[in-house]
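Letter by letter, the chains look like this.
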Amino acid sequence: MNERYSASGLMNPFFPDEVTFGDKGVTFKVRKLFKSTDNFVFYADISGVEIESGIFFSTIRVIPRMRPEIIINNFTKGDAKRVKELILQQVQG
């Protein structure tokens, strides 16, 4: 599986957050003005996924085991739901 989802360009057109799915895990790229953070998490290490929906966009919270939660912002509601579904399929499968 090699799928990639990017946050909406409306809220942050130059530095959108990204979620990239691989065969063994998922990479979360959180971008800021002067830095970016890549977090790779094996599917087996993910204990939960939460979506916080606003009026237009959603925030995805990924809760890995033994690590701080990963927060990625400004995804469309549809993309956020799809990211959650894909993660849960891999965690349960």
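Everything that follows concerns the structure shown earlier in this document.
Every residue gets a number counted from 1 within its own chain, in the order that chain's sequence is written. The predicted origin of the model limits local features to residues at a pLDDT of at least 70 and limits the giving and counting of side-chain atom pairs to 80 or more, whereas totals for whole chains, interfaces and linings rest on all residues. Working from all heavy atoms in the structure, the side-chain values ignore hydrogens and water.

Undergrad: Sorry, what's going on with unusual backbone geometry here?
TA: In terms of backbone geometry, most residues other than glycine have negative phi values and most peptide bonds are trans. With phi around 60°, Met66 is a residue other than glycine that occupies positive phi space. The numbering of helices and of strands both runs from the N terminus, where a helix is a DSSP run of H or I of at least 4 residues and a strand a run of E of at least 2. Mapped onto the elements of the fold, Met66 is located in the loop between β6 (57-64) and β7 (70-76). Even without glycine at this site, Asn74 takes up a positive phi of about 65°. Here Asn74 shows up in strand β7.

Undergrad: Please explain the sheet that holds strand β2 (residues 18-21) as it appears in this structure.
TA: To summarise the sheet geometry, strands pair through backbone hydrogen bonds and adopt either a parallel or an antiparallel arrangement. For two strands to pair, DSSP has to find at least two bridges joining them. Overall, antiparallel pairing links the four strands, which are arranged β1-β2-β3-β4 in an open sheet. Edge positions in the sheet fall to β1 (4-6) and β4 (36-42), since each has one partner strand and no second. Across the sheet, the mean angle separating the axes of adjacent strands is 15° when strand polarity is ignored. As defined by bridge partners, β2 adjoins strand β3 (residues 25-31) across four bridges and the pair is classed as antiparallel. Structural elements are reduced to axes, namely lines fitted to C-alpha atoms, with helices fitted over the stretch in contact, and the angle between N-to-C directions of any two is expressed from 0 to 180 degrees.

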